[in-house]
Amino acid sequence: MEMISQNKVFDGWHKQYEHDSAVLNCRMRFAIYLPPKAAQGAEVPVLYWLSGLTCTDENFMQKAGAQRIAAELGIAIVAPDTSPRGDNVADEDRYDLGKGAGFYVNATQEPWSKHYHMYDYVVKELPELIEATFPVSSKKAIAGHSMGGHGALTIALKNPGMFTSVSAFSPITNPINCPWGQTAFTTYLGNDRELWKQHDSCELIAAAGDVRTPALVDQGEADNFLVEQLKPEALEAVVAETGYPLTLRLHSGYDHSYYFISSFIEEHLRFHAENLGA
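Residue positions are given per chain, counted from 1 along the sequence in the order it is written. In keeping with the model being predicted, local features are shown solely for residues with a pLDDT of at least 70 and side-chain atom pairs are shown and tallied solely at 80 or more, while totals for entire chains, interfaces and linings include all residues. Each side-chain value is worked out from all heavy atoms of the structure, with water and hydrogens disregarded.

(A) Region of the structure containing the side chain of H145. With respect to the secondary-structure elements, H145 resides in strand β6 (residues 136–145). Note on contacts: a residue pair is in contact if any heavy atoms of the two residues lie within 4.5 Å. Ignoring any residue separated from it by four or fewer positions in sequence, one finds H145 in contact with W49, L50, S51, G52, F169, S170, H256, Y258 and I261. To qualify as a helix, a DSSP run of H or I must reach at least 4 residues; to qualify as a strand, a run of E must reach at least 2; elements of each kind are numbered from the N terminus.

As structure tokens, this is what we get:
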């Protein structure tokens, strides 16, 4: 593993690293924010942040303004890239497939299955690397935006008990019934819609067992993708039906951008801190 940049911020450190990923079969980059408490030798809990289409590890760390509150609360933040990268990695000449659009699934279809195992990367390989390398505890939460909100919700739902809490901004809540999800799932997973359901938040909530992860979702009502792609009404309906511990908040005037995320990121971090016991 190689550190490629570091910046001091709110008495903690934002650092970028590259490493060889065994599950993705390529070189990967991630960012980590270590709060001041970690520099003093204490083990801190971790919030994993999953970004959306076209993003890298940099979008959240540079635009969300999360470090001030993370420093106060004593929470580390880890932001992986959104897909495998490299000259030999399969790609498409479009923003919603290929590089920057891994959708946090394990691809089963060629040529994608050689590299696109973002689910295993986020659930297994990256946390193991973080916990072996940095002064962090095994306590972790997960959050994300848009495609990353889909990833955070589905990963938490598929692994009850692994994360103390989950939150999302503008998530793709019902990908089996929206164009982004249908395109990605057909490409990466094939035509088996039963397999698709294993990566759909609404389907996973409907089938959830007794171990339920506290969840918070914020959605802007002026989001250009609201009706066609994000479908919060589907999430609202299944939560009402099942009683799943998910709070969905709709915000007038807010769009899909990091202006929205930065407006409410403090509330998300405090939500996770309470569940992490930070």
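That shown, we press on.
(B) Broad picture of the layout of surface pockets. Taken as a whole, the largest pocket spans an internal volume of roughly 150 Å³. Space inside and on the surface of the protein is sampled on a 1 Å grid over the protein atoms alone, with a cavity defined as a set of points where a 1.4 Å probe fits but cannot get out and a pocket as an open set with protein on both sides within 12 Å along at least 5 of 7 lines; lining residues have an atom within 4 Å of a point. Along its surface, the largest pocket is lined by G52, L53, T54, C55, Y95, H145, S146, W180, F225, H256 and S257. Residue composition of the lining of the largest pocket, grouped by class: five nonpolar, six polar and no charged. Grid points are joined across faces, edges and corners, and a volume is the space filled by probe spheres set on the points. Polarity classes work like this: nonpolar for Ala, Val, Leu, Ile, Met, Phe, Trp, Tyr, Cys and Pro, charged for Asp, Glu, Lys and Arg, and polar for all others, with Gly in that last group.

(C) View of the pairing of strand β4 (residues 44–50). Each residue is assigned to one of three classes by its accessible area relative to the maximum for its type, calculated with a 1.4 Å probe on protein chains only: buried under 20%, partly exposed between the two thresholds, exposed over 50%. Burial runs high along β4: seven of the seven residues are buried. Here β4 pairs with β6 via six bridges, running parallel. Across the sheet, Y48 pairs through a bridge with I142, a residue of β6. The pairing of β4 with strand β5 (residues 76–80) spans three bridges and is classified as parallel. Looking at the pairing, Y48 lines up with V78 of β5. One bridge is not enough; two strands pair if DSSP finds at least two bridges between them.

(D) Inspection of unusual backbone geometry at higher detail. Residue P111 is reached from E110 by a cis peptide bond, and omega for that bond is 0 degrees. Phi at F103 is positive, roughly 60 degrees, even though this residue is not glycine. One can find F103 in the loop between β5 and α4 (118–133). F103 gets classed as buried once you look at its relative accessible area, which sits at 0%. Positive phi, close to 60 degrees, is recorded for Y104, a residue that is not glycine. Classification of Y104 as buried rests on a relative accessible area of 0%.

(E) Geometry of the sheet that holds β4. Taking strand neighbours across the sheet as the criterion, the nine strands line up as β1-β2-β3-β5-β4-β6-β7-β8-β9 in an open arrangement whose pairing is mixed. Bordering the open sheet on either side are β1 (2–9) and β9 (246–251), each of which pairs with just one other strand. Each neighbouring strand pair of the sheet contributes to a mean axis angle of 20 degrees, computed without reference to strand direction. Most of the contacts of helix α5 (residues 147–158) go to β6, to which it runs at about 135 degrees, and overall it touches β4, β6, β7 (166–169), β8 (215–220) and β9. Between N-to-C directions, angles span 0 to 180 degrees; the directions come from axes that are lines fitted to C-alpha atoms, helices contributing only their stretch in contact.

(F) Examining the pattern of salt bridges more closely. Any Lys or Arg side-chain nitrogen found within 4 Å of a carboxyl oxygen on Asp or Glu counts as a salt bridge. As enumerated under the stated definition, the model contains 14 salt bridges in all. Residue E58 is joined to R29 by a salt bridge in which the shortest nitrogen-to-oxygen separation is 3.7 Å. With E58 in helix α2 (residues 58–63) and R29 in strand β3 (residues 26–34), this residue pair connects regions lying 29 residues apart in the sequence. For E266, the salt bridge goes to R270, with nearest N and O atoms at 3.0 Å. Of this pair, E266 and R270 both sit in helix α11 (residues 258–276), four residues apart, which is roughly one turn of the helix. Taking relative accessible area as the criterion, R270 reaches 33% and is therefore assigned partly exposed. Salt bridges sharing partners connect three or more residues here, namely E2, E18, D20 and R27.

(G) Representation of the nonpolar core in the model. As used here, the term nonpolar core means buried Ala, Val, Leu, Ile, Met, Phe, Trp, Tyr and Cys residues forming a set that is joined through side-chain atoms within 4.5 Å. By size, the foremost hydrophobic cluster in this structure holds 64 residues, and its most contacted members are F30, F103, I130, I142, I155, Y188 and L246. The element best represented in this core is α4, accounting for seven residues. The contacts of I130, once residues within four sequence positions are left out, are F30, I32, Y48, V78 and V136. Formed by 26 residues, the second largest nonpolar core is a distinct cluster that contains F60, A141, Y258 and L269.

(H) Just the packing of aromatic side chains, in detail. Only Phe, Tyr and Trp rings are paired, with Trp represented by its six-membered ring, and only when their centres lie within 6.5 Å; those with planes under 30 degrees apart are stacked, over 60 edge-to-face, the remainder tilted. Scanning the model with the defined rule gives 16 aromatic pairs in all. Geometrically, the ring pair formed by Y254 and F264 is edge-to-face, given 5.2 Å between the ring centres and 70 degrees between the ring planes. Of this pair, Y254 sits in the loop between β9 and α11 while F264 sits in helix α11, and the two are 10 residues apart along the sequence. Judged by its relative accessible area of 11%, F264 is buried. An aromatic cluster of at least three residues, connected via ring pairs, comprises W49, F60, F169, Y254, F260 and F264.

(I) How the structure looks around the side chain of S21. Residue position: S21 is located in strand β2 (residues 12–21). Polar contacts, as used here, are pairs of N or O atoms within 3.5 Å; protein pairs need one atom able to donate a hydrogen and one able to accept it. Residues neighboring in sequence count only if both atoms are side-chain atoms. Of the polar contacts made by the side chain of S21, one reaches the backbone nitrogen of V23; its length is 3.5 Å. Ignoring anything within four residues of it in the chain, the contact list for S21 reads C26, M28, Y121 and E125.

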